[in-house]
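Topology and contacts: notes
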Amino acid sequence: QWYQRRVSSGINAEYGDAEVDVSTKLKYVYDAITLTRHSLEGKVPLIGFSGAPWTLMGYMIEGGGSKTMSKTKKWLYTCPEESHRLLKIITRVVSDYLIQQAIAGAQMLQVFESSAEYLGPELFEEFCISYLQEIALSVRKGLAERQVPDVPMIVFAKGAYHSIAKISYTGYDVVGLDWTVDPNIARDFCHIAVQGNLDPCALYAPKEELTEKVAEMVRQFGVRNYIANLGHGIYPDMDPESVKTFVDTVHRVSEEIMNKGDPFNQLYT
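To keep things clear, this report deals only with the structure shown in the data block. (Residues numbered from 1 in each chain as written. Predicted model: local features only at pLDDT ≥ 70, side-chain atom pairs only at ≥ 80, totals over all residues. Heavy atoms only, no water.)

This part covers the sheet that holds strand E2 (residues 108-113). Strands sit in the order E1-E2-E3-E4-E5-E6 across an open sheet of six strands; the sheet is parallel. The strands lining the two open edges of the sheet, one partner per strand, are strand E1 (47-51) and strand E6 (226-230). With direction set aside, neighbouring strand axes in the sheet form an average angle of 20°. As paired strands, E2 and strand E3 (residues 153-157) are joined by five bridges and run parallel to one another. Bridging across to E3, Glu-113 finds its partner in Ala-157. Lying on the sheet, helix H6 (residues 80-104) is in contact with E1 and E2; it crosses E1 at an angle near 170°. (Pairing = 2+ DSSP bridges. Helix = DSSP H or I, 4+ residues; strand = E, 2+ residues; numbered from the N terminus. Axes fitted to C-alpha atoms, helices over the stretch in contact; angles between N-to-C directions. Contact = heavy atoms within 4.5 Å.)

Have a look at this one:
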């Protein structure tokens, strides 16, 4: 792989096939989205997604997951210009990919910067924020040019608690939060809707404990401009009954809050 040679040799600056026609290369994805959209028959919305530039760059250079992202961060410190060049290429491809997903039938789009936790505020500002913003702008512009209705967009930058306010101004409709973020802080610094943020491992807890944790999460966030969710992905060995408990509790507590007309929750209209 060109990127692996570049890391090891410090010389190769070639970027392989930078011009990618995702509408052709990934047609099977869009076909699957369209098929799924029809199969759902409007019962639930269909969400499309993509990894974000920094996260995808990490997988390309590390060759898989990493506990430190040290090889990729080495690029940022030793080859900043080339890092930006690669991130720009990935940004363009991700934008095109998301546009095609919306055209195929996705009703909402989520961008996952799952490796943001490996960057401090300075590196996040330099190598993430602008590319996340560019994706949001490019997708909306691309859909408008194709006369396709705009779709809501969610940005999720795991571990970037230090930049929540800045993330909320990148052009997305919703900011996804991981489980380490205090709901009160999120509400104070986010001027748009938020999503999250129960610790996924809480689904391992006994039903009574899980119910209380979910209820407390909903009470803290309130019901306005809020999407209840986990603070990251669900694990393969999760008991479906625990997921049901999560969903049922969200619905019950949300309804209780709305029926009470709690003034606190009116703050987030």
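Structure shown, so let's carry the discussion forward.
Below, the discussion takes up unusual backbone geometry. For the bond running from Gly-196 to Asn-197, omega is -10°, close enough to zero to count as cis. As for its position among the elements, Asn-197 is in strand E5 (residues 193-198). With a phi angle near 55°, Glu-41 is a residue other than glycine that sits in the positive phi range. The topology assignment puts Glu-41 in the loop between helix H3 (27-40) and E1. For Asn-225, which is not a glycine, the phi torsion comes out positive at approximately 50°. Inspection of the secondary structure assignment puts Asn-225 in the loop between helix H10 (207-221) and E6. When its relative accessible area of 39% is taken as the criterion, Asn-225 is described as partly exposed. (Buried < 20%, exposed > 50% of the residue type's maximum accessible area, 1.4 Å probe, protein only.)

So, on to the nonpolar core. With 61 residues, the main nonpolar core has Met-57 and Phe-124 as its most contacted residues. Ranked by the residues each element gives to this core, the list is headed by helix H7 (residues 121-145), at eleven residues. Counting residues in each nonpolar core, the second largest holds seven residues, with Val-22, Ile-33, Tyr-97 and Ala-104 among its members. (Core = buried A, V, L, I, M, F, W, Y, C linked by side-chain atoms within 4.5 Å.)

Inspection of every chain in the model, using the stated rule, returns ten salt bridges. Across the pair Glu-41 and Lys-43 runs a salt bridge, and its minimum N-O distance is 4.0 Å. Judged on exposure class, the residue Glu-41 and its partner Lys-43 are both exposed. With a shortest N-O distance of 2.7 Å, Asp-248 and Lys-244 are connected by a salt bridge. Placement of the pair is Asp-248 and Lys-244 together in helix H11 (residues 240-260), with a separation of four residues, close to one helical turn. Take Lys-244: its relative accessible area is 45%, and that puts it in the partly exposed class. Here the salt bridges share partners, and the residues they tie into one network are Arg-140, Asp-150 and Asp-173. (Salt bridge = Lys/Arg side-chain N within 4 Å of Asp/Glu carboxyl O.)

This part takes up the packing of helix H4 (residues 53-62) against H6. It is the contact of H4 with H6, at a shortest axis distance of 9 Å, that shows an interaxial angle of 115°. For the element pair H4 / H6, the angle class is roughly perpendicular. Considering only the axes of H4 and H6, their crossing is right-handed. Residues Pro-53, Trp-54, Leu-56, Met-57 and Met-60 of H4 form the contact with H6, whose own contacting residues are Ser-83, Leu-86, Leu-87, Ile-90, Thr-91 and Val-94. A per-class count over the contact of H4 with H6 returns nine nonpolar, two polar and no charged. (Parallel < 35°, antiparallel > 145°, perpendicular 65-115°, else oblique. Left-handed = near helix turned anticlockwise from the far one by under 90°. Nonpolar A, V, L, I, M, F, W, Y, C, P; charged D, E, K, R; others polar.)

The next point concerns the packing of aromatic side chains. Ring pairs (aromatic) are described by centroid distance and by the angle formed between their planes. Applying the stated rule across the entire model yields four aromatic pairs. Between Phe-49 and Phe-112 the ring centres are 6.0 Å apart and the planes differ by 90°, which places this aromatic pair in the edge-to-face class. One end of the pair, Phe-49, is in strand E1; the other, Phe-112, is in strand E2, with 63 residues separating them in the sequence. (Phe/Tyr/Trp six-rings, centres within 6.5 Å; stacked < 30°, edge-to-face > 60°.)

Moving on to the state of the cysteines. For the structure on display, the rule yields zero disulfides. Its sulfur unpaired, Cys-79 is 17 Å from the next cysteine sulfur, which belongs to Cys-128. Taking the relative accessible area as the measure of exposure, Cys-79 reaches 14% and is therefore buried. (Disulfide = S-S within 2.5 Å.)

For the pair H10 and H11, the least separation of the axes is 9 Å and the interaxial angle reads 40°. One element, H10, and the other, H11, form an angle in the oblique class. Of the two elements, H10 crosses H11, and the hand of that crossing is right-handed. Contacts between H10 and H11 involve Lys-207, Leu-210, Thr-211, Val-214, Ala-215, Met-217, Val-218 and Arg-219 on the former and, on the latter, Ser-242, Thr-245, Phe-246, Thr-249, Val-250, Arg-252, Val-253, Ser-254 and Ile-257. Here the contact of H10 with H11 is built from residues that sort into nine nonpolar, five polar and three charged.

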